[in-house]
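# Structural description and commentary
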Amino acid sequence: LCLLAKSIMASISATFPNKWTGTIALVFGVIALATATGSILKPAYLKLEQIGLEFDKEVLESANSFFTREEIVQSAIGRAESFYNVNSFEEIISFGDGLWDVTTAENLNLHFVGVNTKNIEDFKKKNVKHHINHWGDFDLTEIESIFNIK
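Note that the structure is a prediction, hence the values are computed from the model and not measured.

### Quick word on unusual backbone geometry
Despite not being glycine, Asn 85 has its phi angle at roughly 55 degrees, a positive value. In this fold, Asn 85 is placed in the loop between α3 (69–83) and β4 (91–96). Phi at Asn 116 takes a positive value of approximately 90 degrees, unusual for a residue other than glycine. Mapped onto the fold, Asn 116 is located in the loop between β5 (111–115) and α5 (120–125). For Asn 116, a relative accessible area of 15% puts it in the buried group.

Here's what the structure looks like:
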């Protein structure tokens, strides 16, 4: 699991070191990825295609049909559950670089990892348990330990 996660994150890091936020769900030893964005759908597709990231449109959710960030993330989780054919995820770790990301994770009771350096002080004020400066710092074993994920 850890090697797969590191491989995924190394790929993300190499492609766009500070530009990706999303949700990772651990499902019975399988890592499932979903992306939630406050952007509308077509610009989100364009951004992901411009940076060369391969993604499944089935697990990308945008602001097209939702008014709140929580609705966007909940829909992304639902899409991932359907796509990966699971009833529910055991653990969900949300990654983000903005205050809306941490607030949304708090509101949905999700683990949260801050990414990038622009909001470090705000993350500290919000008591974010873990922060990485860039995707190259991703370590699933460390994150599992911090959030007591077994």
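### Observations concerning the packing of aromatic side chains
This model, assessed by the stated rule, comprises three aromatic pairs. Both rings, one in Phe 83 and one in Tyr 84, keep their centres 4.9 Å apart while their planes meet at 85 degrees; by these two values the pair is edge-to-face. By relative accessible area, Phe 83 is classed as partly exposed at 34%. Pairing Phe 95 with Phe 138 gives two aromatic rings, centres 5.9 Å apart and planes at 50 degrees, and the pair type is tilted. Linking Phe 95 in strand β4 with Phe 138 in the loop between β6 (130–132) and α6 (140–146), this pair joins segments that are 43 residues apart in sequence. Grouping residues by exposure puts Phe 95 and Phe 138 together as buried. Over the ring of Tyr 45 we find Lys 57; its NZ or CZ atom is 4.6 Å from the centre of that ring. Its guanidinium or amino end placed over the ring of Trp 100, Arg 69 lies 4.1 Å from that ring's centre, counting from NZ or CZ.

### So, the pairing of β5
Counting buried residues in β5 gives five out of five residues, a clear majority hidden from the surface. Along β5, one buried face is formed by His 111, Val 113 and Val 115 and the opposite face, lined by Phe 112 and Gly 114, is buried too. Summarising the sheet, β4 and β5 pair through four bridges and their orientation is parallel. Each residue of the ladder has a partner; that of Gly 96, found in β5, is Gly 114. With helix α4 (residues 99–107) bridging β4 and the parallel β5, this β-α-β connection has right-handed handedness. The β-α-β motif built from β5, the intervening α5 and the parallel element β6 has right-handed crossover chirality.

### Here we look at the nonpolar core
Judged by nonpolar contacts, the single largest core of 20 residues is most densely connected at Val 73, Ile 77, Phe 89, Leu 110 and Phe 112. Those elements that place two or more of their residues in this core are β2 (30–36), α3 and α4. Looking at which element gives the most residues to this core, the answer is α3, with five residues. The contacts of Phe 112, once residues within four sequence positions are left out, are Ser 94, Phe 95, Gly 96, Asp 101, Val 102, Ala 105, Phe 123, Val 128, His 130 and Phe 147. Among the nonpolar cores identified, the runner-up in size contains eleven residues, and Val 113, Ile 132, Ile 143 and Phe 147 belong to it.

Rules used in this analysis
Residues numbered from 1 in each chain as written. Predicted model: local features only at pLDDT ≥ 70, side-chain atom pairs only at ≥ 80, totals over all residues. Heavy atoms only, no water. Helix = DSSP H or I, 4+ residues; strand = E, 2+ residues; numbered from the N terminus. Buried < 20%, exposed > 50% of the residue type's maximum accessible area, 1.4 Å probe, protein only. Phe/Tyr/Trp six-rings, centres within 6.5 Å; stacked < 30°, edge-to-face > 60°. Lys NZ or Arg CZ within 6 Å of the ring centre and 35° of its normal. Pairing = 2+ DSSP bridges. Right-handed = clockwise from strand over helix to strand, strands pointing away. Core = buried A, V, L, I, M, F, W, Y, C linked by side-chain atoms within 4.5 Å. Contact = heavy atoms within 4.5 Å.

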